[in-house]
Each structure stands twice: as structure tokens, then as C-alpha cells.
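# Commentary on secondary and tertiary structure
One-letter residues, chain by chain:
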Amino acid sequence: MTRFTVFCGSSMGESPVHAAIAEELGRELAGAGVGLVYGGGNVGLMGVVADAALGAGGEVIGVIPRALVDRELAHEGCTELHVTANMHERKALMAELATGFIALPGGIGTMEELFEVWTWGQLGWHMKPCALLNVHGYYDGLITFLDTMVEQGFLRQEHRDMLIVTDRVADLLDLLADYIPPQTSKWIEREDL
Ligand code: AMP
């Protein structure tokens, strides 16, 4: 079954557009029969995307570390809720359960999660697509910096191109389905994998 892990803010953000897009994504996933894996909380955009997917009849798997069960208000309505011993176990399980990854607007927690799975992809440890939903230009500054990394010789163009970037939820599922992983990992040629 196709399941996407969605990384997103534990805050709502200033503009209501962020919650609207999170809601649209939750509905879109459920409508397409795609399962949602997420941080298991009921706060911020996390709660919005989960509620929207559940409301549209979708499968929602929450994964939350024990220490955040109260702080991020573990969602009682998830199809499955996994409570992990720590953050590392949470991220490992979220990575394992998903066939791809989507980042919505969020803070440093969201960035850390996205960059980790993208880095693992760059190393050739998985072939799953990573996407950034650039709602109303929220990530424009980050995208510019990624291009600086390429220009300055710290990131290969083909690894930069692994990250799917779009501002439209409607395009997201097709882009993820069409993803082709790069032919080389950062250190190893494809034949050696
Ligand atoms: P944020 O984007 O900072 O609002 O956080 C979004 C999600 O990332 C929340 O579920 C946080 O629990 C999670 N998070 C926060 N810090 C970290 C971290 N160091 N590593 C992984 N996830 C984190």
C-alpha cells in the first residue's frame, strides 16, 4: 500500500493558508487511498492533516515518542498510534512505514525530519521520494540556499534534484509516483548497492 509520511509544523503558522493546505493534503491522500503516517500529535498542522485524512475516511498512522504524548497531545482518533521510546525510534519507524515523504510548512523539527530522510536517500539507503510543499513561497529562501549549496560545490545537482518541490497539492501525488531515484548515491555507484 502507498503510504506517505507527512512532516509538518507543530504550530499553525501565521497565515490561515497553511492550515487550509494541510487540510487539502489530508483529504487528497485519503481520497487517493494513500495512507498517512505522521507525528501522531493533535497540535498545529499535524492535527489538521490527520483530522482531514480521518474525516475523509483515510488510514492514519501516528508515531509519537513517549515524552511528547502529553506535549503534542497524542491523537486519540488515529487508525494506529505507535508510542516510541524516543525521537530516534519515532523517525526510524516513520521512515520504514512510508513509501515516500512530504514536508509541509513547519519549523526546525520539520526541517530536521525532512533533511534526515533526504540525506538517507542521497546515501542510497532508500529509493523513496521526498517532496517539499512550498505553500505561498514559505520555502523560497531554503530553495535558494539549496542552489547555493550546488553552486558552491557542497551538493551535487542530481542530489539537489531528488527533492520534489511544488506549490500545488493537486500535483503532488503524481510527482511522487513519477519519481526516479538518482543513478548514483553520494559515495557508491548504483552497481555496488
Ligand atoms: P516543528 O516543525 O519544530 O514544529 O516540529 C514538527 C515536528 O518535528 C514535531 O512533531 C516535533 O516533535 C518534531 N521534532 C522536533 N524536534 C525534533 C528533532 N530534533 N528531531 C526530530 N523531530 C523533531
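Residues numbered from 1 in each chain as written. Predicted model: local features only at pLDDT ≥ 70, side-chain atom pairs only at ≥ 80, totals over all residues. Heavy atoms only, no water.

### Thoughts on the site of the ligand
Here is the rule we go by: Consider each residue's heavy atoms; a residue with any of them within 4 Å of a molecule or strand counts as near. Polar contacts here mean pairs of N or O atoms no more than 3.5 Å apart (in protein, one a potential hydrogen donor and the other a potential acceptor; neighbouring residues in sequence count only if both atoms are side-chain atoms). By the criteria applied, helices consist of DSSP H or I runs no shorter than four residues and strands consist of E runs no shorter than two, each listed in order from the N terminus.
With respect to spatial proximity, 16 residues lie near the ligand, and among them S10, E72, G107, T110 and E112 are the closest. With respect to the ligand, the side chain of E72 contributes an N or O atom lying 2.5 Å from an oxygen atom. At the level of secondary structure, the elements contributing two or more residues to the shell around the ligand comprise α3 (87–97) and α4 (108–122). Here the shell around the ligand takes five residues from α4, the largest share from any one element.

### Things to note about the pattern of salt bridges
As a reminder of what qualifies: Any carboxyl oxygen of Asp or Glu within 4 Å of a side-chain nitrogen of Lys or Arg constitutes a salt bridge here. Under the scheme applied here, a residue whose accessible area is under 20% of the maximum for its type counts as buried, over 50% as exposed, and between as partly exposed, the area being computed with a 1.4 Å probe on protein chains only.
Applying the stated criterion to the full structure yields eight salt bridges. One salt bridge connects R3 with E59, and the closest N-O pair in it is separated by 2.7 Å. With R3 in strand β1 (residues 3–7) and E59 in the loop between α2 (44–55) and β3 (60–65), this pair connects stretches of sequence that are 56 residues apart. An identical accessibility class is assigned to R3 and E59; each is buried. A salt bridge links D171 to R168, with the shortest nitrogen-to-oxygen separation between them at 2.9 Å. Ionic contacts of the salt-bridge type, sharing partners, join the residues E72, R90 and E113 into one network.

### Observations concerning the packing of aromatic side chains
The cut-off we apply is this: For this analysis, a ring pair means two rings from Phe, Tyr or Trp (six-membered ring only for Trp) whose centres lie within 6.5 Å, classed as stacked if their planes differ by under 30 degrees, edge-to-face if by over 60, and tilted for the remaining angles.
Counted under the stated rule, the structure contains three aromatic pairs. When the ring of F7 is compared with that of F101, the centres are 6.1 Å apart and the planes differ by 5°; the resulting orientation is stacked. In this pair, F7 sits in strand β1 while F101 sits in strand β5 (residues 100–103), placing the two residues 94 residues apart along the sequence.

### Looking at α4
Rules: By this rule the span expected of a helix is its residue count minus one, scaled by 1.5 Å.
Counted at 1.5 Å a residue, the expected span for α4 with its 15 residues is 21 Å, and the 20 Å between its end C-alpha atoms agrees. Taken from the residues just after α4, G124 is the one with a positive phi, measuring 80°.

### Examining the sheet that holds strand β4 (residues 80–84)
The criterion, for reference: In short, DSSP must find at least two bridges between two strands for them to pair. Helix axes are fitted only over the stretch in contact, all axes being lines through C-alpha atoms; the angle between N-to-C directions runs from 0 to 180 degrees.
The seven strands lie next to each other as β4-β3-β2-β1-β5-β6-β7, forming an open sheet whose pairing is parallel. Every interior strand has two partners, whereas the edge strands, β4 and β7 (163–166), have only one. Adjacent strand axes in the sheet meet at a mean angle of 20° when their direction is disregarded. For β5 and strand β6 (residues 130–133), the ladder comprises three bridges, and the chain directions are parallel.

### Side note on the environment of I180
With respect to the helices, strands and loops of the structure, I180 is situated in the segment after α7 (169–177). When the C-alpha atoms of I180 and M162 are compared, they prove to be 8.3 Å apart, with 18 residues separating the residues in sequence.

### Focus on unusual backbone geometry
Excluding glycine, residues mostly carry a negative phi; peptide bonds, for their part, are mostly trans. Even without being glycine, L73 reaches a positive phi, approximately 50°. Tracing the chain through its elements places L73 in the loop between β3 and β4. Here the phi dihedral of H136 falls at roughly 50°; this positive angle occurs in a residue that is not glycine. Mapped onto the secondary structure, H136 falls in the loop between β6 and α5 (140–151).

### With respect to the packing of α3 against α4
Going by this rule: Should an angle fall under 35 degrees it is taken as roughly parallel, and over 145 as roughly antiparallel, whereas 65 to 115 is taken as roughly perpendicular and any remaining angle as oblique. Rotating anticlockwise by less than a right angle from the far helix to the near helix defines a left-handed crossing, while the corresponding clockwise rotation defines a right-handed one. In what follows, a contact means two residues having at least one pair of non-hydrogen atoms within 4.5 Å. Any residue that is not Ala, Val, Leu, Ile, Met, Phe, Trp, Tyr, Cys, Pro, Asp, Glu, Lys or Arg is counted as polar, Gly included; the first ten are nonpolar and the last four charged.
The interhelical angle for the contact between α3 and α4, taken along N-to-C directions, is 55°, at an axis separation of 11 Å. Between α3 and α4, the angle falls in the class oblique. The hand of the α3/α4 crossing is right-handed. On α4, the residues touching R90, K91 and A95 of α3 are E112, E113, E116, V117 and W120. Grouping the amino acids of the contact of α3 with α4 by side-chain chemistry returns three nonpolar, no polar and five charged.

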